[in-house]
Protein chains: 2
Amino acid sequence: MNQTVAVDNRRAELVRVAARLFRERGFDGTTTRDIAEAVGMRSGSPFYHFKSKQEILAAVMEEGLVAGLPAAEAIAESALTPRQKFAALVRAHLEIVLGEGHDFIPVLLYDWRRLTPELRSRVQVLRDRYDQLWQDVVSELLAAGLLRSDSAVARLLLMGAINYSVLWYKPGLGLNLDQIAEEAVSMFLGPQP
Amino acid sequence: MNQTVAVDNRRAELVRVAARLFRERGFDGTTTRDIAEAVGMRSGSPFYHFKSKQEILAAVMEEGLVAGLPAAEAIAESALTPRQKFAALVRAHLEIVLGEGHDFIPVLLYDWRRLTPELRSRVQVLRDRYDQLWQDVVSELLAAGLLRSDSAVARLLLMGAINYSVLWYKPGLGLNLDQIAEEAVSMFLGPQP
DNA sequence: CCTACCGATCGGTAGG
DNA sequence: CCTACCGATCGGTAGG
C-alpha cells in the first residue's frame, strides 16, 4: 500500500537477523557488515534504519521483551494457585531463553553490558515490567509459605538459576524444556503436596 | 636471584591487571594497549609474555580456578555434614564471584565464549575439577534427602543462581555476602532442621 | 621489553 | 538503499 510497510519490514528483518547473529557470535563478534550481508544489503545500509550498531542491539532486546511480556502478564494475572503460576512462569521463561528461534532474550542476557547507559535505561523500562511480574509471583509464594527467603533476593536467585541455563543448555541433549521446568520447580518448592 | 623471577612477576602483573580490566569493561572492551599501559609497558610488549590476547584471557581464568580450587576441595573433603558442606561451598563461591579484588572468576563467567575452542578445552580441565566438587556435594545432599531433583540439573541450577549474582550484586547495597549465602542455602534446602 | 610499523577491520557518513 | 570512502583502532610482528 505505502512504503512505510516495506521499510518497516526491512527494519524488522534487520532486527531478526541481528538477533540470531548476536546470539551466535556475541555483539562484539558480529559486524554491521555481517548483518547487512545476511539480509542482502550493502555494508552501509543498516545505518539508514538505525543510528548506530548499539541501537540495533537495543531494538533486539526490546523486541524480545515486548514479545515475552503478554504471556507472563497473563500468567501473573490468572486465577492459578501460586505454585501453578510459578510453574507456568518458569516454563514460559525457559521457552524464551532456550526455545528454538528465540534469540532475543539470550542476547539481552549475554550483552546487556554492551549497551550505552542511555540505551540501557530505555530498555530497563521494559525489563522492570518483566521483573515485577516475577516479583509478584514470588511474593505470592512467600505469602503462601511455599518459599522461605527474602523476597527480592529469592527472585534474583530464582531468575538467575533459569537465566544461566542459556550457558549450559544444549537442545537435544539431556532433559527437554518441560523436564527442566519441572526439576526447577520441585527443587525450589519441594515436591508437590 | 635470576631473571626468571622478574619476568614471572611481570607476567603475573599483566594477568592481574588484565583480570581487572576484563571484568570492568569485558574482553572485547579492553585493548591490549589498555593492559600494557596499566602496567607501564609499551603497546607491543604484552606479546613478549603472551602469544595472543586470548592467551591472556585464558591465563586470567586459569589463575582464578587454581586460586579457588583448594578451598573448595578442602570443603568437599571435610567431615562436615552435607548441609554444612553446601553452605560452606556457597559462601566460598560467592566470595570468588563477588568479593572485592576477585576479578578472575567473573571474567570466566562473562567472557567464556571469547576463548578459542583450543583454549576453552585447556581451561575446561580445571573447570571440570571445580564442577565435580559441586557435583559431589550435591549428590550428598540428594542422598541425605535434603534436595529433590535430578542431580546434574540440580547442580547447574544451583550454580547458575549463584553465578548469575555477578550481574546484579552491588557491594554495599542490600545484603552482604554472608546474608546472601544464608538466603540461598535456606531457599534451596529449606529452614534448618 | 621498546621502536616502529603493518595490514586489516570496522562503525559510520556524504551524497545521490 | 547504494556508492565510495574516511578515520580511527587494534592485534600482532620484525628487529634490535
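Residues numbered from 1 in each chain as written. Chains lettered and ligands numbered in written order. Predicted model: local features only at pLDDT ≥ 70, side-chain atom pairs only at ≥ 80, totals over all residues. Heavy atoms only, no water.

Per an unreviewed UniProt entry, chain A carries the name TetR family transcriptional regulator and comes from Duganella qianjiadongensis.

### Some words on the overall build of chain A
The condition is simple: Numbering of helices and strands runs from the N terminus; a helix is a DSSP stretch of H or I covering at least four residues, while a strand is a stretch of E covering at least two. Any two residues having at least one pair of non-hydrogen atoms within 4.5 Å are treated as being in contact. Residue-level accessible areas treat just the shown protein chains as cover; the underlying method is Shrake-Rupley with a 1.4 Å probe. In this charge count, Lys and Arg are treated as positive and Asp and Glu as negative; neither His nor the chain ends contribute. The atoms used to mark charge sites are NZ of Lys, CZ of Arg, CG of Asp and CD of Glu.
A tally of regular secondary structure across chain A gives nine helices and zero strands. When the helices and strands of chain A are placed in sequence order, the string is α-α-α-α-α-α-α-α-α. Expressed as lengths along the three principal axes of its C-alpha atoms, the size of chain A is roughly 60 × 35 × 35 Å. Intrachain contacts of chain A at a sequence separation of at least 6 include 71% that bridge at least 24 residues. Surface exposure of chain A reaches about 9200 Å², of which carbon and sulfur atoms provide 52%. A gap of 5 Å separates the mean positions of the 22 positive and 24 negative side-chain charges of chain A.

### Quick notes on the UniProt feature "domain: HTH tetR-type" (unreviewed entry) in chain A
Rules: UniProt positions are given in the numbering used here, feature names are shortened, and annotations may be inferred rather than shown by experiment.
According to UniProt, the feature "domain: HTH tetR-type" (unreviewed entry) maps to residues 8-68 of chain A in the numbering used here. Annotated as residues 8-68 of chain A, this span is 74% helix and 0% strand, and its ends, taken at the C-alpha atoms, are 21 Å apart.

### Focus on the nonpolar core
The criterion, for reference: The set of buried Ala, Val, Leu, Ile, Met, Phe, Trp, Tyr and Cys residues whose side-chain atoms join them within 4.5 Å is what this entry labels a nonpolar core. Relative accessibility under 20% of the residue-type maximum defines a buried residue, over 50% an exposed one, and the middle range a partly exposed one, all with a 1.4 Å probe and only protein chains included.
Residues Phe86 and Phe188 of chain A together with Phe86 and Phe188 of chain B are the most contacted members of the largest nonpolar core, which totals 134 residues. Phe86 of chain A has contacts with Trp134, Val137, Leu141, Leu158, Val185, Phe188 and Leu189 of chain A, leaving out every residue within four places of it along the chain.

### A closer look at the protein's contact with DNA strand C
Convention followed: Throughout, near means a residue has at least one heavy atom within 4 Å of the molecule or strand. Here a polar contact is recorded for every N or O atom pair within 3.5 Å, except that within protein the pair must consist of a potential hydrogen donor and a potential acceptor, and residues adjacent in sequence are included only if both atoms are side-chain atoms. Under this grouping Gly is polar, as are all residues other than the nonpolar Ala, Val, Leu, Ile, Met, Phe, Trp, Tyr, Cys and Pro and the charged Asp, Glu, Lys and Arg.
If you check the shell around DNA strand C, you find 15 residues, and the closest are Lys53 of chain A together with Arg10, Ser45, Tyr48 and His49 of chain B. Near-protein atoms of DNA strand C (within 4 Å) split between backbone and bases, with sugar and phosphate holding 61%. Note that a phosphate oxygen of DNA strand C is positioned 2.7 Å from one of the backbone N or O atoms of Lys53 of chain A. When contributions to the surface near DNA strand C are tallied by element, the ones reaching two or more residues are helix H2 (32-38) of chain A together with helix H3 (46-49) of chain B. Grouping the amino acids of the surface near DNA strand C by side-chain chemistry returns three nonpolar, eight polar and four charged.

### Describing the interface of chain B and chain A
Stated formally: Here's the idea: put two parts together, see how much 1.4 Å probe accessible area each one loses, and the total over both is what we call buried area.
Taken together, the contact between chain B and chain A spans 34 residues of the former and 34 residues of the latter. Interface area lost by chain B to chain A is led by Arg113, Leu157 and Met187 of chain B, which between them contribute 26%. Across the chain B-chain A interface, the total number found is eight residue pairs in polar contact (both at pLDDT 80 or more). Of all the secondary-structure elements, those providing two or more residues to the side of chain B that touches chain A are helix H1 (3-25), helix H6 (104-111), helix H8 (151-163) and helix H9 (177-189) of chain B. Of all the elements, H8 of chain B adds the most residues to the side of chain B that touches chain A, at eight residues. A class-by-class count of the residues in the side of chain B that touches chain A yields 17 nonpolar, seven polar and 10 charged.

### Here we look at the protein's contact with DNA strand D
Close to DNA strand D lie 15 residues, the nearest being Arg10, Ser45 and His49 of chain A together with Arg33 and Lys53 of chain B. Arg33 of chain B is positioned such that a nitrogen or oxygen atom in its side chain is 2.7 Å from a base nitrogen of DNA strand D. Among the secondary structure elements, those contributing two or more residues to the surface near DNA strand D are helix H3 (46-49) of chain A together with helix H2 (32-38) of chain B.

### Regarding the relation of the copies chain B and chain A
Basically, it comes down to this: Least squares is the method for superposing the copies, and the C-alpha atoms it fits come from residues with pLDDT of at least 70 in both.
The transform that puts chain B on chain A rotates by 180° and translates by 0.0 Å along the axis, for an RMSD of 0.0 Å. These values place the two chain copies in the arrangement generated by a two-fold rotation axis. For chain B, the minimum C-alpha distance to the rotation axis belongs to Ala161 of chain B and amounts to 2.0 Å. Interface overlap between copies: 100% of the residues of chain B at the interface are likewise at the interface in chain A, consistent with a symmetric, same-surface contact.

### A word on H8 of chain B
Test applied: The length a helix should cover is 1.5 Å for every residue beyond the first.
The end-to-end C-alpha distance of H8 of chain B is 18 Å, a good match for the 18 Å that 13 residues give at a rise of 1.5 Å each. Most of H8 of chain B sits out of view: 10 of its 13 residues are buried. Val153, Ala154, Arg155, Leu157, Leu158, Met159, Gly160, Ala161, Ile162 and Asn163 of chain B are the residues of H8 of chain B that are buried. Looking at the packing, one finds that the buried side of H8 of chain B touches helix H8 (151-163) and helix H9 (177-189) of chain A together with helix H5 (82-98), H6, helix H7 (117-143) and H9 of chain B.

### Thoughts on the UniProt feature "DNA-binding region" (unreviewed entry) in chain A
When the UniProt feature table is mapped to this numbering, "DNA-binding region" (unreviewed entry) covers residues 31-50 of chain A. Helix makes up 55% of residues 31-50 of chain A and strand makes up 0%, while its end C-alpha atoms are separated by 14 Å.

### Here's the deal with the packing of helix H4 (residues 53-76) of chain A against helix H6 (residues 104-111) of chain A
Residues and elements named next belong to chain A. So the rule is basically this: Under this scheme, a helix contributes an axis fitted over its contacting stretch, all axes are lines through C-alpha atoms, and angles between N-to-C directions fall in the 0 to 180 degree range. Here is the rule for angles: anything less than 35 degrees is roughly parallel, anything more than 145 is roughly antiparallel, 65 through 115 is roughly perpendicular, and the remaining ranges are oblique. The sense of a crossing depends on the near helix, which, turned anticlockwise from the far helix by less than a right angle, makes the crossing left-handed and, turned clockwise, makes it right-handed.
Following both chains from N to C, one finds H4 and H6 inclined at 125°, their axes separated by 8 Å at the closest point. Between H4 and H6, the angle falls in the class oblique. The way H4 lies across H6 gives a crossing that is left-handed. Residues Leu57, Val60, Met61, Glu63, Gly64 and Leu65 of H4 pack against Phe104, Ile105, Val107, Leu108 and Asp111 of H6. Classifying every residue of the contact of H4 with H6 by side-chain character gives eight nonpolar, one polar and two charged.

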